[in-house]
Amino acid sequence: MASFEKNGVFKVLKYLVSVILLILTAGTGTAGEINIYSYRQPFLIQPLTDAFTEETGIKVNVAYLRKGMIEKMTAEGKRSPADVVLTVDISRLAAVVDAGLTQPVVNETLNNNIPSIYRDPDNHWFGLTTRARIIYASKDKVADGEVTTYKGLADPKWKGRICTRSGTNAYTVALTSAIIHHHGTEKAEEWLRSVKNNLARKPQGNDRAQVKAIWAGECDISIGNTYYMGKMLKDPEQKAWADSVRIVFPEFENGGTHVNISGIALAKYSPNKENAIKLMEFLSSPDAQKIYALANFEYPIAPNTEPAELVKNWGSFTPDDVNLMDLAKLRSTALKLTEIVDFDG
Ligand code: FE
């Protein structure tokens, strides 16, 4: 008798829950939704997702993560709500792919919008913006043409004059990987050792902290990503740091300027796959690329799109033409060299 009663109550509860769910989902329409796991910040992603929802009616949910994305998705397994992953740096994209958490997308729009060096040859990740890793040079202490190549940073004339962040930081590792790609492991080790010998202080802080150190007279050149120039110029406290330097686009001796990406990958168990691919196409489209260009001083990736005026003023450069997946494969060698020369020590 008691169990019969329990059963009855259960049925009523179940009915109520389904009614509530119906009411809750009634407003979402037929376009459906999509879930993003993002290491990129809300100020950048929100304008893009707003534009996407406006165009398609698809509701976008974003989980902004600071770390642990791979662990989270691995733990969630097949039940992961993630449709796509947004992050910066080829090493982070490659790590998500290596963890088996993505699936390939073969798509004409993506292939047309994204140059082949900025997408995975196996179609698991796609670049959406680029940033160059450049030299910030003191306007007062470094003359035009004094440094034009990455190799030049190893010249003893810079002894005690270079500032940089940790050799194990993802941005630095990608640059070291590119040095290995262009000059071989042995030369790359020599280069790292020489650059270390030229440092004004132990590697520390982020890219902007190095420019601050130039402004403060601690060093004359530093290595950093392009968009930080824009960020510093827009920050009242940091504008003076930015004003003390100019951007130099160094090149490899047999290549262009080192470029990294922010990008996207389709999650292996994406529950809203069709919508996810729509979002990927949208983010690579000229319209979305314009939003990217204005929001974060990065370079848009699609053909016939231009960077913001301010970014254009920094000058033009020839991006290195290596496929970033080739650099991702050199990551462990780069880290090993960094350790061997005790770059941060
Ligand atoms: Fe950054």
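Residues numbered from 1 in each chain as written. Predicted model: local features only at pLDDT ≥ 70, side-chain atom pairs only at ≥ 80, totals over all residues. Heavy atoms only, no water.

Participant: Any details on the overall build of the chain? Residues and values, ideally.
Facilitator: The secondary structure content of the chain amounts to 14 helices and 10 strands. The buried share of the chain, taken over its 345 residues, is 50%. Taking all contacts inside the chain whose residues are at least 6 apart in sequence as the whole, residues at least 24 apart take part in 79%. Of the accessible surface of the chain, which amounts to about 16500 Å², a share of 53% is contributed by carbon and sulfur atoms. Averaging the coordinates of the 40 positive side-chain charges in the chain and doing the same for the 40 negative ones gives two points 5 Å apart. (Helix = DSSP H or I, 4+ residues; strand = E, 2+ residues; numbered from the N terminus. Buried < 20%, exposed > 50% of the residue type's maximum accessible area, 1.4 Å probe, protein only. Contact = heavy atoms within 4.5 Å. Areas by Shrake-Rupley, 256 points an atom, 1.4 Å probe, with all protein chains shown as cover. Lys, Arg positive; Asp, Glu negative; His and termini not counted. Charge placed at Lys NZ, Arg CZ, Asp CG, Glu CD.)

Participant: Account for a negative patch on the surface, naming residues and giving values.
Facilitator: A grouping of Asp50, Glu54, Glu55 and Asp287 is seen on the molecular surface, where their side chains present a negatively charged patch. Among the elements that take part in the negative patch, helix 2 (residues 42-56) stands out by supplying 3 residues, more than any other. Looking at where Asp50 falls in the secondary structure, it is placed in helix 2. The class for Asp50 is partly exposed, based on a relative accessible area of 41%. (Patch = residues over 30% accessible without salt bridge, like charges linked within 9 Å, V, L, I, M, F, W, Y side chains within 5 Å. Salt bridge = Lys/Arg side-chain N within 4 Å of Asp/Glu carboxyl O.)

Participant: If you had to explain the domain arrangement of the chain to someone new, which residues and values would you point to?
Facilitator: Assigned domains within the chain: domain 1 (11-18 + 22-130 + 260-306) and domain 2 (131-258 + 319-340). Its C-alpha centre places domain 1 at a distance of 30 Å from the equivalent point of domain 2. Counting residues at the interface gives 23 residues for domain 1, matched by 21 residues for domain 2. Approximately 1800 Å² of surface area, both sides summed, lies buried where domain 1 meets domain 2, with 63% of it carried by carbon and sulfur atoms. Sorting the residues of domain 1 by area buried against domain 2 places Ile117, Asn260 and Phe297 first, and these three jointly supply 34% of that buried surface. A salt bridge links Glu298 to Arg131; the shortest N-O distance between them is 2.9 Å. (Domains from an automatic or database assignment. Buried area = accessible area lost by both parts, 1.4 Å probe.)

Participant: Which residues make up the state of the cysteines, and what are the values?
Facilitator: A full pass over the atoms with the stated rule returns 1 disulfide. The residue that forms a disulfide with Cys163 is Cys219, at a sulfur-sulfur distance of 2.1 Å. Its torsion about the S-S bond being -105°, the disulfide of Cys163 and Cys219 is classed as left-handed. Of this pair, Cys163 sits in strand 6 (residues 162-163) while Cys219 is found in the loop between helix 7 (207-215) and strand 7 (221-225), placing the two residues 56 residues apart along the sequence. What makes Cys163 buried here is its relative accessible area of 0%. (Disulfide = S-S within 2.5 Å.)

Participant: So what about unusual backbone geometry? Which residues, and what values?
Facilitator: Residues apart from glycine generally show negative phi values, whereas peptide bonds are mostly found in trans. Its identity as a non-glycine residue notwithstanding, Asn123 has a phi of 65°, on the positive side. One can find Asn123 in the loop between helix 5 (108-113) and strand 5 (125-138). One non-glycine residue, Asn304, adopts positive backbone phi at about 65°. A relative accessible area of 81% means that Asn304 is categorised as exposed.

Participant: Talk me through the packing of aromatic side chains; I want residue IDs and the actual numbers.
Facilitator: Scanning the entire structure with this criterion turns up 5 aromatic pairs. Judged by centre distance (4.3 Å) and plane angle (40°), the ring pair of Tyr227 and Tyr228 falls under tilted. Each member of the pair, Tyr227 as well as Tyr228, carries the same accessibility label: buried. Here the aromatic rings of Phe249 and Phe317 are separated by 4.7 Å at their centres, their planes lie at 10°, and the arrangement is stacked. (Phe/Tyr/Trp six-rings, centres within 6.5 Å; stacked < 30°, edge-to-face > 60°.)

Participant: Describe the environment of Gly263, naming the residues involved and giving the relevant values.
Facilitator: With respect to the helices, strands and loops of the structure, Gly263 is situated in strand 9 (residues 259-267). Relative accessible area serves as the criterion here: at 2%, Gly263 is assigned to the buried category. A sequence separation of 177 residues divides Gly263 from Leu86, and the C-alpha atoms of the two residues are 5.9 Å apart. Excluding anything up to four places from it in sequence, Gly263 contacts Val85, Leu86, Thr87, Leu93, Phe126, Gly127 and Leu128.

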